[in-house]
Amino acid sequence: MTTTAEAERPAVRTSPPGADRGPRRRTGRIRRVGLPYLLLLPALLLELLVHLVPMVIGIVISFKELTQFYVRDWGAAPWSALDNYRVSVDFDAPAGEALLHSFLVTIAFTVLSVGLCWLIGTAAAVFMQDTFRGRGLLRALFLVPYALPVYAAVITWVFMFQYDNGLVNHVLHDQLGLTDKPSFWLIGDNSFFALLTVSVWKGWPFAFLIVMAGLQNIPRELYEAAALDGAGVWQQVRRITLPSLRPVNQVLVLVLFLWTFNDFNTPFVLFGRSAPEAADLISVHIYHASFVTWYFGIGSAMSVLLLLFLLLVTGGYLALTSRGRRKAS
Amino acid sequence: MRSNRAAAAGAVTLSLALAATACGGGSATGGGSNDSPKTLTYWASNQGASIEVDKKVLQPELAKFEKQTGIKVKLEVVPWSDLLNRILTATTSGQGPDVLNVGNTWSASLQATGALLPWDAKNFDKIGGRDRFVDSALGSTGAEGEDPAAVPLYSMAYALYYNKKMFADAGISQPPATWDELVADGKKLSKDGKWALGMEGSNPSENIHHAFVFAKQHGADFFTADGKADFTGDGTVAAVKQYVDLMATNKVIAPGNAEYAQNQSVSDFAKGKTAMLLWQSASANLESQGMSKDDYGIAPVPVRSGTPGTGKQVNSMVAGINLAVFKNTDNLDGAAEFVKFMTSDAEQKILNKAYSTIPPVKSAQADAAFATPANGVLKDTLAKSAVALPQVADESQFETAVGTAIKGLFADAAAGDPVTTGSVKAALQKAQQQMPAA
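Residues numbered from 1 in each chain as written. Chains lettered and ligands numbered in written order. Predicted model: local features only at pLDDT ≥ 70, side-chain atom pairs only at ≥ 80, totals over all residues. Heavy atoms only, no water.

A. How the structure looks around the overall build of chain B. Broken down by element type, chain B carries 18 helices and eleven strands. Whereas a compact globule of 438 residues would reach a radius of gyration of roughly 22 Å, chain B reaches 23 Å, a difference of no more than 12%. Projected onto its principal axes, the C-alpha positions of chain B cover 80 × 60 × 40 Å. Residues classed as buried in chain B amount to 57% of the 438 residues present. By sequence separation, contacts in chain B at least 24 residues apart represent 76% of the contacts at least 6 residues apart. (Helix = DSSP H or I, 4+ residues; strand = E, 2+ residues; numbered from the N terminus. Rg over C-alpha atoms; globule rule 2.2 N^0.38 Å. Buried < 20%, exposed > 50% of the residue type's maximum accessible area, 1.4 Å probe, protein only. Contact = heavy atoms within 4.5 Å.)

B. The arrangement of the domain arrangement of chain B in detail. Residue and element names in this part refer to chain B. Partitioning chain B into domains gives domain 1 (39–156 + 319–387) and domain 2 (159–317 + 390–433). On a C-alpha basis, the centres of domain 1 and domain 2 stand 27 Å from each other. Taken together, the contact between domain 1 and domain 2 spans 27 residues of the former and 28 residues of the latter. Carbon and sulfur atoms make up 58% of the area that domain 1 and domain 2 hide from each other, which totals about 1900 Å². Three residues, Thr-105, Ser-385 and Val-387, lead the burial of domain 1 against domain 2; their summed loss comes to 28% of the area buried on that side. On inspection of domain 1 and its partner domain 2, the count reaches zero salt bridges. On inspection of domain 1 and its partner domain 2, the count reaches nine residue pairs in polar contact (both at pLDDT 80 or more). Secondary structure elements with two or more residues in the side of domain 1 that touches domain 2: helix 4 (107–113), helix 16 (373–385) and strand 11 (386–387). Looking at the side of domain 1 that touches domain 2 element by element, the count peaks at six residues for helix 16. (Domains from an automatic or database assignment. Buried area = accessible area lost by both parts, 1.4 Å probe. Salt bridge = Lys/Arg side-chain N within 4 Å of Asp/Glu carboxyl O. Polar contact = N/O pair within 3.5 Å; in protein donor to acceptor, adjacent residues only side chain to side chain.)

C. Quick look at the interface of chain B and chain A. Each side of the interface is counted separately: chain B has 47 residues, and chain A has 36 residues. Summing both sides of the interface, chain B and chain A together bury roughly 3400 Å²; the carbon and sulfur share of this comes to 58%. At the junction of chain B and chain A, the tally comes to one salt bridge. Linking B:Lys430 and A:Glu277 is a salt bridge whose minimum nitrogen-to-oxygen distance equals 3.0 Å. Linking chain B with chain A are nine residue pairs in polar contact (both at pLDDT 80 or more), by the criterion used here.

D. Structural view of the UniProt feature "transmembrane region" (unreviewed entry) in chain A. In the numbering adopted here, UniProt assigns the feature "transmembrane region" (unreviewed entry) to residues 34–63, 103–128, 140–160, 192–215 and 292–320 of chain A. Helix makes up 100% of residues 192–215 of chain A and strand 0%. Its end C-alpha atoms lie 33 Å apart. (UniProt positions renumbered as here; feature names shortened; annotations may be inferred.)

E. Spotlight on helix 3 (residues 80–93) of chain B. All names here are of chain B. The terminal C-alpha atoms of helix 3, which comprises 14 residues, lie 20 Å apart, in line with the 20 Å expected from a rise of 1.5 Å per residue. Buried within helix 3 are the following residues: Leu-83, Leu-84, Asn-85, Ile-87, Leu-88, Ala-90 and Thr-91. Count one or two residues on from helix 3 and you reach Gly-94, which has phi positive near 75°. (Expected span 1.5 Å × (residues − 1).)

F. Structural detail: the sheet that holds strand 5 (residues 158–163) of chain B. Residue and element names in this part refer to chain B. Reading across the sheet, the four strands line up as 6-7-5-8 and stay open at both edges, with mixed pairing between neighbours. This sheet does not close on itself; its edge strands, each paired only once, are strand 6 (195–198) and strand 8 (296–299). Across the sheet, the axes of successive neighbouring strands diverge by a mean angle of 20°, strand direction being ignored. Direction of pairing for strand 5 relative to strand 8: antiparallel, over a ladder of four bridges. Across the sheet, the residue bridging to Tyr-161 is Ile-298, located in strand 8. Docked against the sheet, helix 9 (residues 204–217) engages strand 5 and strand 7 (274–280), running at close to 90° with respect to strand 7. (Pairing = 2+ DSSP bridges. Axes fitted to C-alpha atoms, helices over the stretch in contact; angles between N-to-C directions.)

G. Region of interest: the confidence of the model for chain B. Residue and element names in this part refer to chain B. Chain-level statistics for chain B give a pLDDT mean of 89 and a share of 93% at 70 or above. pLDDT under 50 marks residues 1–29. Its contacts with residues more than four places away, or in other chains, come to 21 contacts. Taken over the whole predicted complex, pTM reads 0.84, whereas the ipTM for its chain interfaces reads 0.80. (pLDDT = per-residue confidence, 0-100.)

H. Fine view of the sheet that holds strand 4 (residues 151–156) of chain B. All names here are of chain B. Taken in spatial order, the five strands line up as 2-1-3-10-4 in an open sheet, and their pairing is mixed. A strand with exactly one partner marks an edge of an open sheet, and here the two such strands are strand 2 (72–78) and strand 4. Put simply, the sheet's adjacent strands are angled 20° from each other on average, direction ignored. Bridge analysis of strand 1 (residues 39–45) against strand 2 gives seven bridges, and the strand direction is parallel. Residue pairing across strands places Leu-40 opposite Val-73, the latter belonging to strand 2.

I. Quick peek at the nonpolar core. The biggest cluster of nonpolar side chains holds 95 residues, and the ones touching the most others in it are B:Tyr42 and B:Leu246. Considering every element that reaches this core, the biggest residue donor is helix 17 (residues 395–415) of chain B, with ten residues. The two domains that each donate at least three residues to this core are domain 1 (39–156 + 319–387) and domain 2 (159–317 + 390–433) of chain B. The residues touching B:Tyr42, leaving out its near neighbours within four places in the chain, are B:Val73, B:Lys74, B:Leu75, B:Glu76, B:Val99, B:Leu100, B:Asn101, B:Leu153, B:Leu323, B:Phe338 and B:Met342. Core analysis: the second largest hydrophobic core is formed by 41 residues, A:Val154, A:Trp157, A:Phe192 and A:Trp204 among them. (Core = buried A, V, L, I, M, F, W, Y, C linked by side-chain atoms within 4.5 Å.)

Here is the structure:
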């Protein structure tokens, strides 16, 4: 029985010509090893074209003396060695001083904005955990700022911040009487707070969304057990909620930081090409240097410095938080 | 293996970067050709109340041109806020239009990029000669001593628009001719929530146009004779202070105007919220906002004493639009043909009437349509008392730097913070440091 079976099997196996076997196995291997790379290729090429090439060009330009005189043929612009960088970080000279000012404004703005976004988002998410009537509706409403196109939303804020007919002055001054005269929000020192308000309004729903997702993963039993052991609400938040949210928060804060630090749309739509000094965020500052005053070389050098700074901060942050996580586990 | 891959990636990146450079380089050496003689691309600046209005004005004329020459013109109307950057991008990439509008104050800045076709005698001959154009308009077509980088298309000048009824109600019989008179009249007009004068404090270009005229009236200039930035002379400081003081100390401008940059002051004037407006070619705009021609009068912009004229009596910049040709056009002959068409007497009359501007072409200017009292003031100003903004390569940076400094000073004035000679000087000093080679 078995012999016939074994005798039959090879007959079946050899029915395709034996010579074909080798190449097929080889194409199989090529396919197995090469296919992922092949599939990655379009993305890789696009990444190269969209991100890497402009970045390399930007770095090259940062070493060139590129102004309107050479913009037509930027390859021919004279090399300036480290001059653009020297000008950018010479904090006693006008360009460096302005860059430092704008950097400090951006730091203050980012810290406040990310902090407030996180605080409001987390508070809202914790609050929305309990089921109550209208929770779904409220949750949807919370996400409106996140869903609106940035331009439309910020332009609406521009109208509200208007000195003469704006809603903000109408409420603060006419209705509540909190100020003795209407204030300017889009020019002068108040512009910082106008910018912060819009940024927080725009950013907190994202924090809310992420924290809410994080909360869903905390087992209810933990709270029940804690309650049985006599832990109050605050203790539950401190001992269960916040530690459990840690990994979520780590990513959330990093992403919010990078987005806020680099935010261009909000200040640009609020203030136009030249922002008031108090709200001169670094992204607009670099845009101004490059495309308004046409110092493309210096603008590129500033961009490279900014990139280095963000890499440093992100790297440091990741190293710090992952060490904390390792220790915790 | 890994280093190989990295090297390969590096090589690809490098070759792409080089290719990109080569593209840029290719356009630079391309001196124009006649490779596609049947088409042209034209970027028109937004002149009318909207882009649609412009298309309605221009499209029939372009059709006429196509009928005459067989050349099809592809029109794109570009908003002002985008125009300079669009031109710069086109310059960098070499992928621009064949013919385009440039604000005449940018002529020298754009000339410096080397992207625009120079209008030498030979090129001018193709469109009927240089003599056809008004001198003051030719004065803002490029740096002095060089062939113009563009040809004048529409001319404009600032004038004082005033609301006749508000003047009559305040017992004022005629528009102010000097700044002292304007301030005195302004005190009578600024009451009951209405204000004497409107302006655009957050618009750097508007600021610079006025500051330039005030400086001229103080006998000062923002640039030295050899083209170096010089913003902090006593005359320029006094001029900028006088301008900002209209809000800060004279209080004839509403503080809210410090925030304006979207022509809100034109709307305020049309609605009767302000009695006066310093503007160029506002008629079409005012009428589209429901103000009848009889409601307002037009007078020359005030001077410090006497009547407008030359020297210290200058009361306007030479404003206007120029027509330029990109050097690397694929239709050199067609582009010249198109410029000839647009600057022909017939077209000059049609287009300048549509935009309530003045033709920079002498023979077209003589048309009866440009002899109305309103146009009379503009024509007179252009002929006698207007000066072109400095035609230096850094002009566009100058507009931004000084215009933005003045925006900051208006913000101070609006907030009630003092605007002193010292604070004006400090702001201008900072602006000067932003200029190239400061």
